[in-house]
Amino acid sequence: MGIFFNRSKDRINSAFCREGFNLFAVVYSGLKIKIRRFYYKKLFGWDVRSILGPAYIRGKSHITIGQNFSCRTNLWLEAVTTFNQQNFSPRINIGNNVGASDFLHIAATNSIRIGNNVLIGSKVLITDHLHGDYRGLHPSSPEISPHDRPLSSDLAVTIEDNVLIGDNVSVLPGVNIGFGAVIGANSVVTSDIPAWTIAAGVPAKVLKKFDSIEKKWMTV
């Protein structure tokens, strides 16, 4: 009987210590989130729910973020105003309730707009420009170092409300992703994706469309 009692007591003590440690971790984590939230509100004027790790932010006066934004670690927001001899007037506008995982990179020389209630996976690139121009009659030459090629600045990116972007997706210049669209993991979005569709691939192509009458995703 005594052995049973001692074992039970040890289990209770062990559980208490373990839960106590977890409680401390939760409290400590919550305190860090509050400090970061205060920091971004005070310094940037952003209502950030949480940014859990290091963040690189360039051109903050050209970036607006709505309420309840969250990102995990290694956020990179870059509104490029100068590059070599070029000058830009970029805008990055992020709506309300946007959440992202690790390693989100958003870079603009012209305009990137992300709507409300957008969910973004890990290792996602969203950019409205490239190093060099590869269109038209006078494209950038391979003989010029990529570092020295001018940045393009005449295209924009728009991601509308309720969009879901999977892990490892690249959204390239000149793209509009419509309301409620889903972009599958590992996709490269090079052209417009209509609203209420699922797209995936390299380059991303529409695979399914939501039927509002049947309330089903139908294969295209």
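Structural notes, computed from the coordinates. (Residues numbered from 1 in each chain as written. Predicted model: local features only at pLDDT ≥ 70, side-chain atom pairs only at ≥ 80, totals over all residues. Heavy atoms only, no water.)

### So, the side chain of Glu-78
Inspection of the secondary structure assignment puts Glu-78 in strand E5 (residues 75-79). On the accessibility criterion, Glu-78 (10% relative accessible area) is buried. Within the local environment of Glu-78, its side chain forms a polar contact with the side chain of Arg-58, the two groups lying 2.6 Å apart. Sequence-distant contacts of Glu-78, that is, excluding residues within four places in its chain, are made with Tyr-56, Arg-58, Ile-92, His-105, Ile-106, Ala-107 and Ala-108. (Helix = DSSP H or I, 4+ residues; strand = E, 2+ residues; numbered from the N terminus. Buried < 20%, exposed > 50% of the residue type's maximum accessible area, 1.4 Å probe, protein only. Polar contact = N/O pair within 3.5 Å; in protein donor to acceptor, adjacent residues only side chain to side chain. Contact = heavy atoms within 4.5 Å.)

### Focus on the sheet that holds strand E10 (residues 104-108)
Backbone-to-backbone hydrogen bonds join strands into a sheet, with any given pair of strands oriented parallel or antiparallel. Spatially, six strands are ordered E2-E5-E10-E13-E16-E19 in an open sheet, and the strand pairing comes out parallel. Since the sheet does not close on itself, it has two edges, and those belong to strand E2 (55-58) and strand E19 (188-189), each with one partner. The pairing of E5 with E10 spans four bridges and is classified as parallel. Note that in E10 the partner of Glu-78 across the bridge is Ala-107. (Pairing = 2+ DSSP bridges.)

### Regarding the environment of Val-118
Counting through the fold element by element, Val-118 comes out in the loop between strand E11 (111-114) and strand E12 (119-120). The exposure class assigned to Val-118 is buried, which follows from its relative accessible area of 1%. Sequence-wise, Val-118 and Gly-99 are 19 residues apart; in three dimensions their C-alpha atoms are separated by 6.5 Å. When sequence neighbours within four positions are dropped, the list of residues in contact with Val-118 reads Asn-97, Val-98, Gly-99, Ile-159, Glu-160, Asn-162 and Val-163.

### So, the packing of aromatic side chains
As enumerated under the stated definition, the model contains three aromatic pairs in all. Summarising the aromatic geometry, the rings of Tyr-56 and Trp-76 are spaced 5.8 Å apart at their centres and angled 85° between planes, so their arrangement reads as edge-to-face. Residue Tyr-56 is located in strand E2, and its partner Trp-76 is located in strand E5; the two are separated by 20 residues in the primary sequence. Among the residues examined, Tyr-56 registers a relative accessible area of 42% and is labelled partly exposed. A relative accessible area of 36% places Trp-76 in the partly exposed class. With a centroid separation of 5.8 Å and an interplanar angle of 55°, the aromatic rings of Trp-196 and Phe-210 are classed as tilted. In this pair, Trp-196 sits in the loop between E19 and strand E20 (197-200) while Phe-210 sits in strand E21 (residues 205-211), placing the two residues 14 residues apart along the sequence. Members of the aromatic cluster, connected to one another through ring pairs, are Trp-196, Phe-210 and Trp-217. (Phe/Tyr/Trp six-rings, centres within 6.5 Å; stacked < 30°, edge-to-face > 60°.)

### Here's the deal with the nonpolar core
Counting 35 residues, the largest nonpolar core has Ile-126 and Ile-177 as its most contacted members. Looking at this core, the elements that each hand over two or more residues are strand E3 (63-65), strand E4 (69-71), E5, strand E8 (91-94), E10, E11, strand E13 (124-127) and strand E14 (156-159). With residues up to four places along the chain from it excluded, the contact list for Ile-126 reads Leu-104, His-105, Ile-106, Ala-107, Ile-112, Ile-114, Ile-120, Val-157, Ile-159 and Val-171. (Core = buried A, V, L, I, M, F, W, Y, C linked by side-chain atoms within 4.5 Å.)

### Looking at the layout of surface pockets
The computed volume of the largest pocket comes to approximately 170 Å³. As for the largest pocket, its lining consists of 13 residues, and the residues nearest its centre are Glu-78, Val-80, Ala-107, His-129 and His-131. For the lining of the largest pocket, the elements supplying multiple residues, two or more each, are E5, strand E6 (82-83), E10 and E13. When its residues are assigned to classes, the lining of the largest pocket shows six nonpolar, five polar and two charged. (1 Å grid on protein atoms, 1.4 Å probe; cavity = no way out; pocket = protein on both sides within 12 Å on 5 of 7 lines; lining within 4 Å. Points joined across faces, edges and corners; volume = space filled by probe spheres on them. Nonpolar A, V, L, I, M, F, W, Y, C, P; charged D, E, K, R; others polar.)

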